Amino acid sequence: MQATDTRNIIELRGLRTQFGSHVVHDQLDLDVRQGEILGVVGGSGSGKSVLLRTIVGLNRAAAGSVRVFGKDLLALPEAERRLEERRFGVLFQKGALFSSMTVTENVAMPLIEHAGLSRAEAERIAAVKIALTGLPAKAGNDYPSDLSGGMIKRAALARALALDPDMLFLDEPTAGLDPIGAAAFDQLILTLRDALGFTVLLITHDLDTLYTITDRVAVLSQKRVIINDTLQRVEQFDDPWVQAYFHGPRGRAAAAAIRSATHLPETS
């Protein structure tokens, strides 16, 4: 983890999202700082993925403001908003790769559609992005059905990186991976963030991920963010769900492992 710029790249104020009469978020505020890796956690049904989809423009907020890169995306004309959204890279929970396209074609598609590159140019850049994620070059010719779960995650990450995003959104990036594969993916995200300088918002329930790579953690509960701070402060927050989550057997194990690796003292 690295020191981050204190400027906010994302500011949500008074956000309200709902589907019909069902309110998911109400009066939700959230800041994401330039260059940080922010983890978002919460119980089942707390609206973690809905929050991500609202920020990137796939859901329309019922009220509030979504300021990204200093602009309120909800107030922008559609054409200008789409230009700003091109600065996003998104990795969806199950990869969301097109099954009828090879990995190279999946990664090249945003470059052709949004950057106006020729297929040959796009595929050359796609090969670089595929290599960045640690996939072998020959994987570019494979279809998603030919890939393991970990390889699908990396291929989807390569596509998310295609347009050199300033902001990367990850929805449960290690879900379904074995512990070794999950740890390798965590380190990949950390390495790429440090090398390329983008900001990361990740939705996760993986405690190892939280303790290994996040700079801060935001907790969704009661339709809002109840705390957004360093892990050391979040795990001491006086809330029943937070205490059960971070101080249960898995939370204690994850905390002990990272503190042992980094020689940090135990928290009281």
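As the structure is a prediction and not an experimental result, all values here were calculated from the model. (Residues numbered from 1 in each chain as written. Predicted model: local features only at pLDDT ≥ 70, side-chain atom pairs only at ≥ 80, totals over all residues. Heavy atoms only, no water.)

Colleague: I keep staring at the overall build of the protein chain and nothing clicks. Help me out?
Modeller: Counting secondary structure elements, the protein chain contains ten helices and ten strands. Every one of the 268 residues in the protein chain was classed for burial, and the buried ones make up 49%. Sequence separation of at least 24 residues holds for 66% of the intrachain contacts in the protein chain that already meet a minimum separation of 6. Carbon and sulfur atoms form 52% of the exposed surface of the protein chain, whose accessible area is close to 12,600 Å². (Helix = DSSP H or I, 4+ residues; strand = E, 2+ residues; numbered from the N terminus. Buried < 20%, exposed > 50% of the residue type's maximum accessible area, 1.4 Å probe, protein only. Contact = heavy atoms within 4.5 Å. Areas by Shrake-Rupley, 256 points an atom, 1.4 Å probe, with all protein chains shown as cover.)

Colleague: Honestly, helix α4 (residues 119-132) in this entry has me stumped. Any pointers?
Modeller: Since the α-helix turns once every 3.6 residues, residues separated by three or four places project in the same direction. Over its 14 residues, α4 runs 20 Å from end to end, which matches the ideal 20 Å to within 8%, given 1.5 Å per residue. For α4, the set of buried residues is A122, A126, K129 and I130. Seen end-on, α4 carries its buried residues on one side only, within an arc spanning 100 degrees. Among the exposed residues of α4, those oriented more than 90 degrees off its buried face are R124 and A131. Buried residues along α4 sit against α3 (103-113) and α5 (149-160). Once α4 finishes, G134 follows within two positions and takes phi at roughly 85 degrees, a positive value. (Expected span 1.5 Å × (residues − 1). Arc of directions from axis to C-beta.)

Colleague: Even after reading the chapter, I still don't get the environment of S148, so can you show me in this structure?
Modeller: Along the chain, S148 falls in the loop between α4 and α5. Classification of S148 by relative accessible area gives partly exposed; the value is 38%. Between the C-alpha atoms of S148 and L177, which are 29 residues apart in sequence, the distance is 9.6 Å.

Colleague: I tried to follow the packing of aromatic side chains on my own but got confused; where do I start?
Modeller: Here a ring pair, both rings aromatic, is described through the centre-centre distance and the interplanar angle of the planes. Under the counting rule described, the total for this entry stands at five aromatic pairs. Between F69 and F88, the aromatic rings sit 5.9 Å apart at their centres with planes inclined by 35 degrees, giving tilted as the arrangement. Of this pair, F69 sits in the loop between β4 (63-68) and β5 (71-72) while F88 sits in strand β6 (residues 88-91), placing them 19 residues apart in sequence. F69 gets classed as buried once you look at its relative accessible area, which sits at 17%. (Phe/Tyr/Trp six-rings, centres within 6.5 Å; stacked < 30°, edge-to-face > 60°.)

Colleague: How do you make sense of the sheet that holds strand β10 (residues 224-229) when you look at a structure like this?
Modeller: With mixed pairing, the six strands of this open sheet are ordered in space as β6-β7-β8-β3-β9-β10. Two strands bound the open sheet, and with one partner strand each, they are β6 and β10. Ignoring strand direction, the axes of neighbouring strands in this sheet form an average angle of 15 degrees. Relative to strand β8 (residues 199-203), strand β7 (residues 167-171) is paired through five bridges, and the arrangement is parallel. Directly across from L170, in β8, lies its bridge partner L202. Packing of α5 onto the sheet brings it into contact with β6 and β7, and relative to β6 it is tilted by some 165 degrees. (Pairing = 2+ DSSP bridges. Axes fitted to C-alpha atoms, helices over the stretch in contact; angles between N-to-C directions.)

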